[in-house]
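# Report on the structure
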Amino acid sequence: MTTRRDLILHIGLPKTGTTALQRDLFPQHPGFIGGTDGQVAVPPIMKELLELRFPPEGPSAWKSERWTDGVRDWVGHAAPHGEAVAIASAEMLSAWEILRGRPPRDSRLPLLDPPSLSNAVRIGPPPVANFLAALKGAVAPEFRLRVILTLREQAEFIGSLYAQLSLEMRNPGQQDLEEKVDRLLASADMYFDWAHLVSSLRAALDEGDLLVCVFEDGMPQIGREIAHWIDPSWSPRVSIGRHNVRTAGPGSWAVPRSSRWRRMTFLVKRIWPEDRLPSARRLIGRLLGGPQRRARLVAERREREQQSGIVLSPELRRRIAATFAASNATTAVLLGRELWEQRR
């Protein structure tokens, strides 16, 4: 009888130590397939996984035989030699797109919604839960699907995520941050509802196949939890560094000042949306790829040299905490442990 193998996906969230785990922990395991660390090229095997997560037809593709066949081909390439464990890490797996079909990238995460989506909110099951349920069925019975998720206190998460995404914003800054947070708190957007996310993932997976870590525990503790959960006999080094840090000081984050390159980029997006004639866009991108990348890197370097700071005021932090208090209390019950709020 063939032994059932483990397919382990680390799905983020972003700004919860994902880069540190991809660089310092997971590579120590022989079953690590790859990650999506923004500082290095994304391996083809991970690009294929993200294409399965975001098919051109949208979530309806997850029910098709063609998609299931694609999953099985991917698993065959990802774990071809019969390893007991295959591990992949990609924080964008947990993205929550709003549009049907292939959504623009800036609809997959909050704080980046384009004007046409300013009144749209994320409700219902998180797409990643439906994706994982379909994936679990597609890889069975050879593989057992297991998932790692890391959460973070919402105010710190919002500030850090905003700083990271600021390079894709038109006019990042204190006023833009406060306006977006106000809109987020006034809406019924469920992206930051951790209880809803955890319960949806549990419903999609088999019992015991979801590990939820808390960023505030510290990366060494998270590393030990993950290692023991993957394999109690695995003893990696848990000296995990800090990567991709956006803080400008205690309780503040650094964001770049807008450049001509950024304003031109947003003008092009407005005139030619990403979902219109995508094949022509890709062809032009390939022809202009080299000069475009060099110009972008020069612009981003200049922007970073002129960074400004953003902060979440005590009043705004209080409102964020009040908005998600009930969800966090439920999350603590679901996980059977204290979160950040109970420790203060």
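Please refer to the structure higher up on the page.
Just so it is clear, the model here is predicted, and its values are computed rather than measured.

## Examining the overall build of the chain
- On a plain count of helices and strands, the chain comes out with twelve helices and eight strands.
- Sorting the 344 residues of the chain into buried and exposed places 48% on the buried side.
- A separation of at least 24 residues holds for 78% of the contacts in the chain among residues at least 6 apart in sequence.
- Carbon together with sulfur atoms contributes 53% to the accessible area of the chain, which is approximately 17,200 Å² in total.

## Thoughts on the packing of helix α4 (residues 127–139) against helix α7 (residues 194–204)
- Viewed as axis vectors pointing N to C, α4 and α7 meet at an angle of 15 degrees, and their least axial separation amounts to 8 Å. With respect to α7, the element α4 is oriented roughly parallel. In this structure, the crossing between α4 and α7 has a hand that is right-handed. Contacts between α4 and α7 involve V128, A129, L132, A133 and K136 on the former and, on the latter, L197, S200, L201 and A204.
- Class assignment for the residues of the contact of α4 with α7 results in seven nonpolar, one polar and one charged.

## Observations concerning empty space enclosed by the protein
- Within the structure shown, the criterion is met by two cavities of 30 Å³ or more.
- Roughly 50 Å³ of internal volume is contained in the largest cavity.
- The wall of the largest cavity is formed by L13, S94, W96, P126, V128, Y191, W194 and L197.
- Here the residues of the lining of the largest cavity sort into seven nonpolar, one polar and no charged.

## A short note on the nonpolar core
- If you look at the biggest cluster of nonpolar residues, it comprises 71 residues, and the most contacted ones within it are L9, L132 and L149.
- Setting aside residues up to four positions removed in sequence, L132 forms contacts with L9, L145, V147, L201 and L205.
- Membership of the second largest hydrophobic core comes to 18 residues, among which are I8, A20, I148 and I230.

## So, the pairing of strand β7 (residues 252–255)
- Residues S252 and A254 line one face of β7 and the alternating positions W253 and V255 line the opposite face, and both faces are buried.
- The sheet contact formed by β7 and strand β8 (residues 308–311) spans four bridges and is antiparallel. When the bridges of β8 are listed, W253 appears paired with I310.

## Considering the pattern of salt bridges
- Applying the stated criterion across every chain, the model contains twelve salt bridges.
- As a salt-bridge pair, R5 and E142 come within 2.3 Å of each other at their nearest N and O atoms. One end of the pair, R5, is in strand β1 (residues 5–10); the other, E142, is in the loop between α4 and β4 (143–151), with 137 residues separating them in the sequence.
- The partner of R317 in a salt bridge is E156, with the nearest N and O atoms 2.9 Å apart. Taken together, the residues R317 in helix α11 (residues 314–323) and E156 in helix α5 (residues 154–165) connect sequence positions 161 residues apart.
- A residue is classified by how much of its surface remains accessible, and E156, at 24% relative accessible area, is partly exposed.
- One network of salt bridges, with partners in common, ties together D6, R144, R146 and D209.

## A short note on the environment of P59
- One can find P59 in the loop between α2 (44–53) and α3 (65–78).
- Classification of P59 by relative accessible area gives partly exposed; the value is 38%.
- Taking the C-alpha atoms as reference points, P59 and F131, separated by 72 residues in sequence, lie 7.6 Å from one another.

## Focus on the packing of aromatic side chains
- Counted under the stated rule, the structure contains nine aromatic pairs.
- With centroids separated by 6.2 Å and ring planes inclined at 75 degrees, the aromatic side chains of W67 and F131 adopt a geometry described as edge-to-face. Of this pair, W67 sits in helix α3 while F131 sits in helix α4, and the two are 64 residues apart along the sequence.
- The exposure class assigned to F131 is buried, which follows from its relative accessible area of 0%.
- One aromatic cluster in this structure is built from F157, Y191, F192, W194 and F324.
- Over the aromatic face of F131 sits the side chain of R53, whose NZ or CZ is 5.9 Å from the ring centroid.

## Regarding the environment of L145
- Tracing the sequence through the fold places L145 in strand β4.
- Separated by 59 residues in sequence, L145 and A86 have C-alpha atoms that sit 9.9 Å apart.
- Excluding its chain neighbours within four sequence positions, the residues that come into contact with L145 are L7, L9, L132, L135, K136, L205 and D209.

## Focus on the sheet that holds strand β3 (residues 85–89)
- Taken in spatial order, the five strands make up an open sheet running β2-β3-β1-β4-β5, and their pairing is parallel. Of all strands in the sheet, those bounded by a partner on one side alone are β2 (32–34) and β5 (210–214). Pairs of neighbouring strands in the sheet enclose a mean axial angle of 20 degrees, with direction left out of account.
- Examined bridge by bridge, β4 and β5 share five bridges and lie parallel to one another. Pairing of V147 across the sheet is with L210, part of β5.
- Running over the sheet, α7 touches β4 and β5 and is turned about 175 degrees from β4.

So, how was this worked out
Residues numbered from 1 in each chain as written. Predicted model: local features only at pLDDT ≥ 70, side-chain atom pairs only at ≥ 80, totals over all residues. Heavy atoms only, no water. Helix = DSSP H or I, 4+ residues; strand = E, 2+ residues; numbered from the N terminus. Buried < 20%, exposed > 50% of the residue type's maximum accessible area, 1.4 Å probe, protein only. Contact = heavy atoms within 4.5 Å. Areas by Shrake-Rupley, 256 points an atom, 1.4 Å probe, with all protein chains shown as cover. Axes fitted to C-alpha atoms, helices over the stretch in contact; angles between N-to-C directions. Parallel < 35°, antiparallel > 145°, perpendicular 65-115°, else oblique. Left-handed = near helix turned anticlockwise from the far one by under 90°. Nonpolar A, V, L, I, M, F, W, Y, C, P; charged D, E, K, R; others polar. 1 Å grid on protein atoms, 1.4 Å probe; cavity = no way out; pocket = protein on both sides within 12 Å on 5 of 7 lines; lining within 4 Å. Points joined across faces, edges and corners; volume = space filled by probe spheres on them. Core = buried A, V, L, I, M, F, W, Y, C linked by side-chain atoms within 4.5 Å. Pairing = 2+ DSSP bridges. Salt bridge = Lys/Arg side-chain N within 4 Å of Asp/Glu carboxyl O. Phe/Tyr/Trp six-rings, centres within 6.5 Å; stacked < 30°, edge-to-face > 60°. Lys NZ or Arg CZ within 6 Å of the ring centre and 35° of its normal.

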